[in-house]
Amino acid sequence: MNRIPIILDGDPGHDDAMAWTLANASDELEILAVTSCCGNQTIEKTTYNTMRICTLLGLHVPTAKGRPRPLVSAPIIAPTVHGESGLDGPKLPEPDFELVPMTAIELMEKVIRESDEPVTLVPTGPLTNVAGLLLAHPELKSKIRQISLMGGGVQYGNWTPAAEFNILVDPEAAEIVFSSGIPIIMAGLDVTEKAMIFPEDFERIRAVGNPVAKVVAEWLEFFYQFHRSMGYEGAPVHDAVAVAALIHPEIMEMKDLYVEVETEGDFCKGATVADFRGVLGKAPNAKVIMGIDRKAFADLLVEAVKHYGEAEK
Ligand code: RIB
Ligand code: CA
């Protein structure tokens, strides 16, 4: 089977961590590199979390630190959701490897140039690094197969009424990505808030019994705390949908839409506006995921953690 070459870019973040756990367990994907971005926490914290997650998962591929702040906007962080560390909850191993001596954009450029085939980017945080890559190396667009991103929402936001966090943190970057012409799979809130992992699923994952399974169950428990306080019945594992879309698109409903990003405004900055009626007459630039088989998604996570060693006897 030809594995899909991918680069993971995220702001871990509990759901980024679970997305990477799924990606690293998948035989369909070949992770070429991992890059951190600023979002849920500062770049220093998301980079430290990136290294700890990769150490836990045994994911030893070139890893680099991303830009310290959005392209234009001031940084926004989310300690209420992910804690002061950005990945509060279970104890994680200290990093057992060093970052490569280059920036995230330099690493993305190197990996894409050297790849025998076009590379898929899987950003699950603000799109700062991806936009920076496209600005610095527009000639590489032809070697980027697609971008499967978590971000946006064509019906509502979660950080403002109109904007989802990843897009709001760096709307200028998002506008660059959505107008790039590169095929996009958009896992926005429309689907990610249906990608709910319930407490009974936490127990199914914990029961797998290996060290990674236990950590994932504890990540879910921590992530659920905020969402339960908001009235959710489970934890919406937003970022893992961007990975699942690459390996099991059959469990999802996607709609080809033309989507543009609002970068101005007092009320709608960061909104991802979809042209459902085609009034603009523009060709779709994104496959917007609108639905998911929740149980199948939860089963994907349960099966993924089994990859990390046998259940305890
Ligand atoms: O709005 C959800 C997104 O914001 C997720 O990627 C989460 O990790 C945070 O970055
Ligand atoms: Ca994220």
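Residues numbered from 1 in each chain as written. Chains lettered and ligands numbered in written order. Predicted model: local features only at pLDDT ≥ 70, side-chain atom pairs only at ≥ 80, totals over all residues. Heavy atoms only, no water.

Description of the sheet that holds strand 4 (residues 119-123)
Across the sheet, which stays open at both edges, the eight strands sit in the order 3-2-1-4-5-6-12-9 with mixed pairing between neighbours. Every interior strand has two partners, whereas the edge strands, strand 3 (63-64) and strand 9 (252-257), have only one. When strand 5 (residues 144-150) meets strand 6 (residues 184-187), the two strands line up parallel, connected through four bridges. Bridge pairing in strand 6 links Ile147 to Ile184. Sheet contacts for helix 1 (residues 14-24): strand 1 (4-10) and strand 2 (29-36); angle to strand 1, the most-contacted strand, approximately 165°. Lying over the sheet, helix 4 (residues 104-114) contacts strand 1, strand 2, strand 3, strand 4 and strand 5, oriented at roughly 160° with respect to strand 2. (Pairing = 2+ DSSP bridges. Helix = DSSP H or I, 4+ residues; strand = E, 2+ residues; numbered from the N terminus. Contact = heavy atoms within 4.5 Å. Axes fitted to C-alpha atoms, helices over the stretch in contact; angles between N-to-C directions.)

What about the packing of aromatic side chains?
Each aromatic ring pair is specified by the distance between its two centres and by the angle formed by the two planes. Enumeration over the complete set of coordinates arrives at two aromatic pairs. Relative to Phe165, the ring of Trp159 lies with its centre 4.8 Å away and its plane at 65°, an arrangement referred to as edge-to-face. Among the residues examined, Phe165 registers a relative accessible area of 4% and is labelled buried. On the basis of an interplanar angle of 80° and a centroid distance of 5.7 Å, the ring pair of Phe202 and Tyr224 is categorised as edge-to-face. Here Phe202, found in helix 9 (residues 199-206), pairs with Tyr224, found in helix 10 (residues 211-229); they are 22 residues apart in sequence, far enough to count as distant. Here Phe202 matches Tyr224 in class, with each residue buried. (Phe/Tyr/Trp six-rings, centres within 6.5 Å; stacked < 30°, edge-to-face > 60°. Buried < 20%, exposed > 50% of the residue type's maximum accessible area, 1.4 Å probe, protein only.)

Notes on the pairing of strand 2
The two faces of a sheet get side chains in turn, since along a regular strand they alternate between them. Summarising burial for strand 2: seven of the eight residues are buried, a large majority. Pairing of strand 1 with strand 2 involves seven bridges; the strand directions are parallel. Across the sheet, residue Ile6 finds its bridge partner in strand 2, namely Ile31. Looking at chain direction, strand 2 and strand 3 are connected through two bridges and run parallel. Residue pairing in the sheet places Thr35 in a bridge with Ala64 of strand 3. Taken together, strand 2, helix 2 (residues 43-57) and strand 3 constitute a β-α-β crossover, and its handedness is right-handed. (Right-handed = clockwise from strand over helix to strand, strands pointing away.)

Focus: the pairing of strand 5
Buried residues dominate strand 5, accounting for six of its seven residues. Bridge analysis of strand 4 against strand 5 gives three bridges, and the strand direction is parallel. Of the residues in strand 5, the one forming a bridge with Thr120 is Gln146. Since strand 4 and strand 5 lie parallel, the crossover through helix 5 (residues 128-136) that links them has a hand, and here it is right-handed.

Here's the deal with helix 4
Every α-helical turn comprises 3.6 residues, leaving residues that sit three or four positions apart pointing alike. Buried residues of helix 4: Ala104, Ile105, Leu107, Met108, Glu109, Val111 and Ile112, and no others. At its buried positions, helix 4 is contacted by strand 1, strand 2, strand 3, strand 4, helix 5 and strand 5.

Thoughts on the side chain of Thr272
Mapped onto the elements of the fold, Thr272 is located in strand 11 (residues 272-274). Within the local environment of Thr272, its side chain forms a polar contact with the backbone nitrogen of Gly153, the two atoms lying 2.9 Å apart. Those residues in contact with Thr272 that sit more than four places away from it in its chain are Gly152, Gly153, Val154, Ile167, Met186, Val259, Glu260 and Val261. (Polar contact = N/O pair within 3.5 Å; in protein donor to acceptor, adjacent residues only side chain to side chain.)

Section: the site of ligand 1
Lining the immediate surroundings of ligand 1 are 13 residues, of which Asp15, Asn158, Glu164, Asn166 and Asp239 lie closest. At 3.0 Å, a side-chain N or O of Asp16 approaches an oxygen atom of ligand 1. The protein chains hide 96% of the 280 Å² of surface that ligand 1 would expose on its own. At the level of secondary structure, the elements contributing two or more residues to the shell around ligand 1 comprise helix 1, helix 6 (165-169) and helix 11 (238-247). (Near = heavy atom within 4 Å. Areas by Shrake-Rupley, 256 points an atom, 1.4 Å probe, with all protein chains shown as cover.)

A look at the coordination of the calcium ion (ligand 2)
Bound to the calcium ion (ligand 2) are the protein donor atoms Asp11 (OD), Asp16 (OD), Asp16 (OD), Thr124 (O) and Asp239 (OD), situated 2.2 to 2.6 Å from the metal. Donor residues binding the calcium ion (ligand 2) come from one chain and are separated in sequence as D-x4-D-x107-T-x114-D. Linking Asp11 in the loop between strand 1 and helix 1 with Asp239 in helix 11, this pair joins segments that are 228 residues apart in sequence. Like Asp239, Asp11 is buried. (Donors = N, O, S within 2.8 Å, 3.2 Å for Na, K, Ca; no water.)

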